[in-house]
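Topology and contacts: notes
Next come the chains, spelled out residue by residue.
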Amino acid sequence: MTIDPKICRNPFVVSGLALMVAASPAWAATPPKAAQIAVRPAVHPAKWPAARSPVGLDAATEAKITAMLAQMSVEQKVGQVIQPEWKTIRPEEVAQYHIGSIENGGGAVPGGNKHATVKDWVDLIEPYYQASVAPGQTVTIPLIWASDAVHGHNNVYGATLFPHNIGLGAARDPDLLRRIGEATAAEVRATGMDWSFAPTIAVARDDRWGRTYESYSEDPAIVSQYAAAMVAGLQGSGETFLDGRHVVATAKHFLGDGSTDGGRDQGESSVSEADLIRHHGAPYVDALNSGAQSVMASYNSWHGVKMHASKPLLTGVLKGRMGFDGFIMGDWLAHGQIPGCTKSDCAAAFNAGLDIYNQPQDWKLLHANLVRDVSNGTIPMARLDDAVRRILRVKFRMGVFDQPSPANRPATLQPIGTPQHRAIAREAVAKSMVLLKNNGVLPLKPGATVLIAGNGADNIAMQSGGWTLSWQGADNSNNDFPGATSIYEGLKAQVEAKGGQVLFSPDATAPQKPDVAIVVFGETPYAEFMGDQSDVALHYGNTESLDLLRSLKARGIPVVAVLLSGRPLYVNPHINAADAFVAAWLPGSEGAGVADVLVGDKDFQGRLSFSWPKRPDQTPLNVGDANYDPQFAYGFGLSYARPAQTAQLPEVASSTKYGEKNVYFSKGTVWNGYGVTLSDNDNHRMDYVGTQATLYGTAALTVSPQDDAGLRAVWNGKTQASLAVGAATPSDIAREANGAMVLSITLRVNAAPTNAVRLGVGSASVPVTAWLAEASSAYRVLSVPLTCFVSQDLAVTPTVMQLTTEGALDISIQDIRLAETRPGATCPTQ
């Protein structure tokens, strides 16, 4: 069944009939007369575990909130339930619209400068706060500020970057998690912020998912332990609960984000309710038992109903059965994915139990529509009051009504990236690494000559992964990480301290033969759906890294392979080509922690928190599965104290050239199963296979390779012809469009067009004639937002890029990909 679009504004769109439990709020019990019910598999709240927060309700605080609600207008209340991103709102609008919270998304940095200082952040935040407490308001409610501090205060230049969650899961150390939470909270507070969108407590069950590295484990027992520890670290506990050095934590994403079919981010979960309880609900009990004040709803659906619209789960289970009395935060524009809703008009999410909309863009229209919906009864006043009460309750617990402004708080402007915090991160790196193979080459011997190679060796961006200074983390260099240490730098210092010599060469060329080589390689940074894969093969640099390992072995050099990755991967050929193999995950800013273990100052203690595959198609793969047959089982991990020889592993051949996610053409090659085709109005069609190709008939289009690894496309103007990029099956780039991605083409105009040129995705197209109007000897980047092509169903588009003209045109193309949005990227009009 599908949901009738009309019930986007119906308060009681539900995924099942078993909705209410005794603890549900009063507003939830009385459906409006026009209620329509979409029948789905029922949710049974009584089957779910209960939770008990150590915080509890305070009668005096509740009385204050009741008095405040009585004085607030609908407009003031609605302002509290909308969270814009700071780039789309001015300080004076905070007062005008009574906004209760603001966020900074990935890469939304002061002045567009990702090297912004701590003071720059405080100077940004302070005017917004002051606007919220300006005199003359009937009720004064201080604004709070949120950020995605998911592996340290990762949006801020100079912050300590801890290993991503997948590595921490291998460390098996809840107290370490608590200390990481405390250090992160201190650095968040230093910038004047109040609230972190962490921890992610997803239980990833299919490693094709692009957010697997945000999960501690496939095992809910580890995730539950860590949920409690990280919440306690971020928020404090007992006398330190939400004091001036702690921040509000957000357990996310409720619910089942790690359970989607095919590991598809924001996708559909078809698991049973029992599995949802056992695997995915369990960590929330521990997070709430630790006092979590915020929970973020998930993008995914469960049996066809978006989680943001699931009243049985948000209200019946989380607020009812689990007794959660904080607020439910939405994810970035996720309410707009509910059938029948738009990004600025969605009562269904609010009536399902959402308390704060994540609306970074058109928040003013959302404000107007919510006021309308409350006024006409689509949203009951009791539901609005319940949401605002929850928000005010948390603000009282935070003490914001009594605190000075962000610029004047004791924890503000304190140093970040301190030696103490970096020491915790370095400890975490050492504890997280997992030794998969060691046939006698580790630890490195004192006095050895060590060659360090691979594109990840001196690459802090690569070892830090996504959610680092920007959303994807793919646009960083070592200069963006003051105080950080690359793996190469850490090894060099420690090898030389033990009387050895280090040779550094990314391609493994060296003036002398070393005693041992260390090759660091793996995945490049990605975040969310940009990391989704069709399998669990290594997609970036697979062939190059393997050739490097084999060339060293052929020269008789013992080889240590260090894999940087956000998931377990099929890399059996690489393991076979190495004498030792280390899974280092995404260690963050303290590469010296890797060296601590490789030189033998510390032993390996990491054990797999995810099962390791023996084939690229071996997923889902989870401990406890029937016919469980991994390459390395959950819990596996060698050490110096527990040595073992590893035999040759089976290898599987693959012909697909894999590259970075959403890269279609680069380095003279088409990637990830995509191809380049030529076509014209006479139904001629031809595939480009790396050699010159000319269309039949009028030869309207010729494509040929260039020496600079680009391709040259020449239209002769005799008839309309197109150059397109597509795959054998339609592509789904709808989530990329929702994430404000752009179609990015690096090209050079050799001869300007003589007629109109259109750039298309599927059947949708925009004019780019003006952009191509001037020939040049230099390459430029044409960036067009995917939202310009929404007339094509981007969930099933036959092409991801198409250039069409009836005129003559001569261009050279170096790169075609989807990329993060660029400043000034708009839909072209001519």
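Please refer to the structure higher up on the page.
Structural notes, computed from the coordinates. (Residues numbered from 1 in each chain as written. Predicted model: local features only at pLDDT ≥ 70, side-chain atom pairs only at ≥ 80, totals over all residues. Heavy atoms only, no water.)

1. Some thoughts on the nonpolar core
This is how the line gets drawn: To qualify as a nonpolar core, a set must consist of buried Ala, Val, Leu, Ile, Met, Phe, Trp, Tyr and Cys residues joined through side-chain atoms within 4.5 Å. Think of it in three bands: with a 1.4 Å probe and only protein chains considered, a residue is buried below 20% of the maximum accessible area for its type, exposed above 50%, and partly exposed in between. Numbered from the N terminus, helices here are DSSP runs of H or I no shorter than four residues, and strands are runs of E no shorter than two.
In terms of nonpolar packing, the biggest core is built from 212 residues, with L759, F789 and I813 touching the most fellow members. Looking at which element gives the most residues to this core, the answer is helix α7 (residues 220-235), with 8 residues. Counting residues in hydrophobic clusters, the runner-up holds 33 residues, among them V450, A580, A595 and V597.

2. Focus on helix α1 (residues 59-71)
As a reminder of what qualifies: Take the residue count of a helix, subtract one, and multiply by 1.5 Å to get its expected span. Taking the helix axis as origin, the arc is that swept by the directions to the C-beta atoms. Contacts between residues were defined by any pair of non-hydrogen atoms, one from each residue, lying within 4.5 Å.
With 13 residues, α1 extends 19 Å between its outermost C-alpha atoms, agreeing within 8% with the 18 Å of an ideal straight helix rising 1.5 Å per residue. Regarding α1, the residues found buried are T61, E62, I65, M68 and L69. Across the axial projection of α1, the buried residues extend over an arc of 120 degrees, all falling on one side. For α1, the exposed residues set more than 90 degrees away from the buried face come down to A59 and A70. At its buried positions, α1 is contacted by α2 (74-80) and α12 (381-398).

3. As for the environment of G588
Position of G588 relative to the elements: it lies in the loop between β17 (580-585) and α18 (592-598). Take G588: its relative accessible area is 0%, and that puts it in the buried class. For the pair G588 and P753, spaced 165 residues apart in the sequence, the C-alpha separation amounts to 47 Å. With near-sequence residues (within four places) excluded, G588 lies in contact with L161, F162, P163, Q463 and S464.

4. Some remarks on the side chain of Q359
Test applied: N or O atoms within 3.5 Å of each other form a polar contact, as long as, within protein, one can give a hydrogen and the other can take it, and as long as residues adjacent in sequence are counted only when both atoms are side-chain atoms.
Within the secondary structure, Q359 sits in the loop between β11 (357-358) and α11 (363-375). On the accessibility criterion, Q359 (0% relative accessible area) is buried. Among the polar contacts listed, one links the side chain of Q359 to the backbone nitrogen of D362, at a separation of 3.1 Å.

5. Let's talk about helix α8 (residues 273-289)
Rule in force here: A residue's bend is given by the angle between axes fitted to the 7 residues ending at it and the 7 residues starting at it.
At G281, α8 shows its largest bend, some 50 degrees, and a proline, P283, comes one to four positions later. Looking at α8, one finds that the buried residues are E273, D275, L276, I277, H279, H280, G281, P283, Y284, V285, A287 and L288. Structurally, α8 contributes buried residues whose contacts are with α7, β5 (250-254), β7 (294-297), β8 (301-302) and α9 (311-321). In the segment just after α8, G291 is the residue with positive phi, at about 100 degrees.

6. Overview of empty space enclosed by the protein
For the record, the criterion: Using a 1 Å grid laid over the protein atoms alone, points where a 1.4 Å probe fits but cannot get out form a cavity; open sets with protein on both sides within 12 Å along at least 5 of 7 lines form a pocket; any residue with an atom within 4 Å of a point counts as lining. Grid points are joined across faces, edges and corners, and a volume is the space filled by probe spheres set on the points.
According to the stated counting rule, one finds 8 cavities of 30 Å³ or more in the structure shown. Volume-wise, the largest cavity comes out at about 100 Å³. Along the walls of the largest cavity sit 15 residues, with V150, H151, G152, N165 and M230 positioned nearest its centre. When contributions to the lining of the largest cavity are tallied by element, the ones reaching two or more residues are α5 (165-171) and α6 (174-190).

7. What to know about the sheet that holds strand β28 (residues 764-767)
Worth spelling out the cut-off: For two strands to be treated as a pair, DSSP must find at least two bridges joining them. Every angle, taken between N-to-C directions, lies between 0 and 180 degrees, and every axis is a line fitted to C-alpha atoms, over only the stretch in contact when it is a helix.
In spatial order, the strands read β21-β20-β25-β30-β27-β28; together these 6 strands make up an open sheet with antiparallel pairing. Edge positions in the open sheet fall to β21 (685-688) and β28, since each of these has one partner strand only. Direction aside, the axes of adjacent strands within the sheet are offset by 25 degrees on average. Relative to β21, strand β20 (residues 674-680) is paired through 4 bridges, and the arrangement is antiparallel. Across the sheet, residue L678 finds its bridge partner in β21, namely M686.

8. Some remarks on the packing of aromatic side chains
Under the convention used in this document: Aromatic rings from Phe, Tyr and Trp, with only the six-membered ring used for Trp, were paired whenever their centres fell within 6.5 Å, and each pair was classed as stacked if the ring planes differed by under 30 degrees, edge-to-face if by over 60, and tilted otherwise. The criterion is that NZ of a Lys, or CZ of an Arg, lies within 6 Å of the ring centre and within 35 degrees of the ring normal, and then a charge sits over that ring.
Tallied over the entire structure, the rule returns 16 aromatic pairs. Look at W195 and F197: their rings are 5.3 Å apart centre to centre, the planes differ by 85 degrees, and that puts the pair in the edge-to-face class. Neither W195 nor F197 differs from the other in exposure class; each is buried. Among the aromatic residues, those joined into a cluster by ring pairs are W195, F197 and F327. Geometry around W771 places R780 over its ring, the cationic atom sitting 3.8 Å from the centre.

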